[in-house]
Structures are given as structure tokens and as C-alpha cells.
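Here is how the chains run, residue by residue.
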Amino acid sequence: MHVHQISLQYRPLDDRILLRISLREGGEQTAWLTRRLLLKLWPLLRNSVADFVAKVQATQGTAASSVALADGNTRQLLSDLRSSAANEKADFSRPYAEAGSSLDNPLLVHTVNLYSQPQKARFAIELVDKPATPDSQARRLKWDMDETTLHASMKLLDDAIQASGWDIRAATASAEPAPASQTDSLHALERPKYLN
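Thresholds applied
- In this convention, every chain numbers its residues from 1, walking through the sequence in written order.
- This being a predicted model, a pLDDT of at least 70 is required before a residue's local features are given, and a value of 80 or more before pairs of side-chain atoms are given or counted; all residues contribute to the totals for chains, interfaces and linings.
- Excluded from the side-chain calculations are hydrogens and water; all other atoms, namely the structure's heavy atoms, are used.
- Any Phe, Tyr or Trp ring, taking Trp's six-membered ring, that has another such ring centre within 6.5 Å forms a pair; planes under 30 degrees apart are called stacked, those over 60 apart edge-to-face, and the others tilted.
- A run of H or I in DSSP becomes a helix once it reaches four residues, and a run of E becomes a strand once it reaches two; helices and strands are each numbered from the N terminus.
- To sort residues, take the accessible area from a 1.4 Å probe on protein chains only and compare it with the maximum for the residue type: under 20% means buried, over 50% means exposed, and anything in between is partly exposed.
- Here a polar contact is recorded for every N or O atom pair within 3.5 Å, except that within protein the pair must consist of a potential hydrogen donor and a potential acceptor, and residues adjacent in sequence are included only if both atoms are side-chain atoms.
- Between any two strands, at least two bridges found by DSSP are needed for them to pair.
- As used in this record, nonpolar core signifies buried Ala, Val, Leu, Ile, Met, Phe, Trp, Tyr and Cys residues forming a set joined through side-chain atoms within 4.5 Å.
- In this analysis, two residues are considered to be in contact whenever any of their non-hydrogen atoms come within 4.5 Å of each other.
- Under this scheme, a helix contributes an axis fitted over its contacting stretch, all axes are lines through C-alpha atoms, and angles between N-to-C directions fall in the 0 to 180 degree range.
- Throughout this description, the term salt bridge denotes a Lys or Arg side-chain nitrogen within 4 Å of a carboxyl oxygen of Asp or Glu.

**Student:** Mind laying out the packing of aromatic side chains, listing which residues take part and the relevant values?
**Tutor:** Counted by the stated rule, this structure contains two aromatic pairs. Between the aromatic rings of Y10 and W166, the centroid separation amounts to 5.6 Å while the plane-to-plane angle is 85 degrees, which identifies the pairing as edge-to-face. On the criterion of sequence distance, the pair formed by Y10 in strand β1 (residues 3-11) and W166 in the loop between α3 (147-164) and α4 (168-175) is long-range, its members being 156 residues apart. Here Y10 matches W166 in class, with each residue buried. Centre to centre, the rings of F52 and F123 are 5.4 Å apart; their planes meet at 65 degrees, and the pair counts as edge-to-face.

Quick look at the structure:
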């Protein structure tokens, strides 16, 4: 499947985010992303993208290759910097060109699989719909991207999450323990020791 355009838009009446992918071959694939799904997916997706970016840098032997071995915060910072640079060059002004009317039966995403291939500089996402009956096959939507398209897609998803008002970042941040640097610094310090 060769992606032509990607659209992520919050739909208030449905209280879901609609993912639309138009294909170069023609046609369109659609899927619904719910708040419940994104509460678990968003932090995992951000971490996976940060790891992917660091490993791509390591395989390419760039100056940032040592970041591949660094901590999670440094990797996230590198990913954010690469994302800003890629999104400055991206064209978000072009409207989404509808390739077909497949809004009648979009996937209601139940499971998301992430495939990171840093050696090939490719990142794939697979969305799986819950089967209607136990005997039926689950519908799937899978596409892969280069790093530039991945960063643009992450920006579109972030914009859609912000438009939703779901406050996913605050909800996911409160579930994670605060890092030691954010705790009370006086309690974190070790008491002084004296030699007498």
C-alpha cells in the first residue's frame, strides 16, 4: 500500500478521531481512534518513535548516534528536534483530497501493532478492528513510512488530540511517576557527613 495523503481529524459528533489515508493506487482507507485507545497508545507511540529516531541515527553513524545509548529523555529530545526540522519542511497547507467515500464502514481500532525497522529507516503501523463475530476475520490497515512522514503523521495526530480537548497528555503524565528532578529536592539530597 503506497500512501498518498494522511488526514487525522477530530469529529465532535462522534467524539472520535477519524484517520483517512488516500492511496496512490486510488481509493481510501479509514479508521476511528477513540480516547480510550489513545490514552494507552499515545505514550507508547511517542516512546517508540523516539527509540526509532535514535536507532536510525545510530545506524547512519551521525553525530547524534551516541543518543541511541542515552536515556529516554535525551532520546525524546532528539526525536522532538528531528520532528521540528522535518515539519518545517512539510506542506500542511494542502487540503486532503478525498479519494473515495469509505466513511460508511471505517475500522473501529481495537489493537495497534508498531513495527520499527531502523536499519531500513522505515516505521510501520498496523491498525486492527475487533471482529464482528468470533468466526470472522479482523480487518487490518497497515502502512509504513519514512522518518519524515512519521513526524508529519505524529504532528497531525497531536493536533487532532489537542482539538479533541481530551487532555491526553495530562492524563498520561499523571499516570507516570514524577522523575527525581521534579520531586522535592530537599528530601532527595543526602544529609552531609562529617569526619571528626
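**Student:** Go over the side chain of E28 with me, naming the residues and quoting the values.
**Tutor:** Position of E28 among the secondary structure elements: in strand β3 (residues 28-33). When its relative accessible area of 9% is taken as the criterion, E28 is described as buried. Here the side chain of E28 touches R20 through a polar contact of 3.3 Å, side chain to side chain. Side-chain polar atoms of E28 contact the side chain of Y96, separated by 2.5 Å.

**Student:** Account for the pairing of β3, naming residues and giving values.
**Tutor:** Within β3, five of the six residues are buried, leaving the element largely enclosed by the surrounding structure. In terms of strand pairing, strand β2 (residues 16-23) meets β3 through six bridges, oriented antiparallel. Residue L19 lies in a different strand from β3, and its bridge partner there is A31. Adjacent in sequence and paired antiparallel, β2 and β3 are bridged by four residues, among which G26 carries a positive phi angle near 105 degrees. Bridge count for β3 against strand β4 (residues 107-117) is two bridges, and the pairing is parallel. Among the inter-strand pairings, W32 is bridged to a residue of β4, identified as L108.

**Student:** Account for the nonpolar core, naming residues and giving values.
**Tutor:** Most often, soluble globular proteins keep nonpolar side chains buried together rather than apart. Core analysis: the biggest nonpolar cluster contains 36 residues, and I17, L19, L38, L127, W143 and L157 have the highest contact counts within it. For this core, the element with the highest residue contribution is helix α1 (residues 35-60), accounting for nine residues. Residues contacting L127, with those up to four places away along its chain left out, are L19, A31, L107, V109, T111, V112, R139, R140, L141 and W143.

**Student:** Tell me about the pairing of β1, and name the residues and values.
**Tutor:** Pairing of β1 with β2, which is carried by eight bridges, proceeds in the antiparallel orientation. Following the sheet pairing, R11 is matched in β2 by R16.

**Student:** Account for the sheet that holds strand β5 (residues 122-129), naming residues and giving values.
**Tutor:** Overall, mixed pairing links the six strands, which are arranged β1-β2-β3-β4-β5-β6 in an open sheet. In this open sheet, the two strands that pair with only one neighbour each are β1 and β6 (140-145). Here the average twist between neighbouring strands, direction ignored, is 30 degrees. Sitting on the sheet, α1 touches β2, β3, β4 and β5, and the angle it makes with β4 is about 10 degrees. Contacting β1, β2, β3, β5 and β6, α3 runs over the sheet at an angle of about 15 degrees to β1.

**Student:** Lay out unusual backbone geometry in plain terms, naming residues and giving numbers.
**Tutor:** For D15, which is not glycine, the phi torsion reads 50 degrees and is therefore positive. Its location among the elements puts D15 in the loop between β1 and β2. Judged by its relative accessible area of 39%, D15 falls in the partly exposed class. Positive phi values are uncommon outside glycine, yet A121 reaches one of about 55 degrees. Position of A121 among the secondary structure elements: in the loop between β4 and β5. Residue classification places A121 among the partly exposed positions, given a relative accessible area of 22%.

**Student:** How would you sum up the pattern of salt bridges? Please name residues and give values.
**Tutor:** Under the criterion given, the structure shown has eight salt bridges. With its nearest N and O atoms 3.8 Å apart, the salt bridge here joins R94 to D91. What makes R94 exposed here is its relative accessible area of 53%. In this structure, the salt-bridge partner of R139 is D129, at a minimum N-O distance of 2.6 Å. Taken together, the positions of R139 in the loop between β5 and β6 and D129 in strand β5 put the pair 10 residues apart, joining distant regions of the chain.

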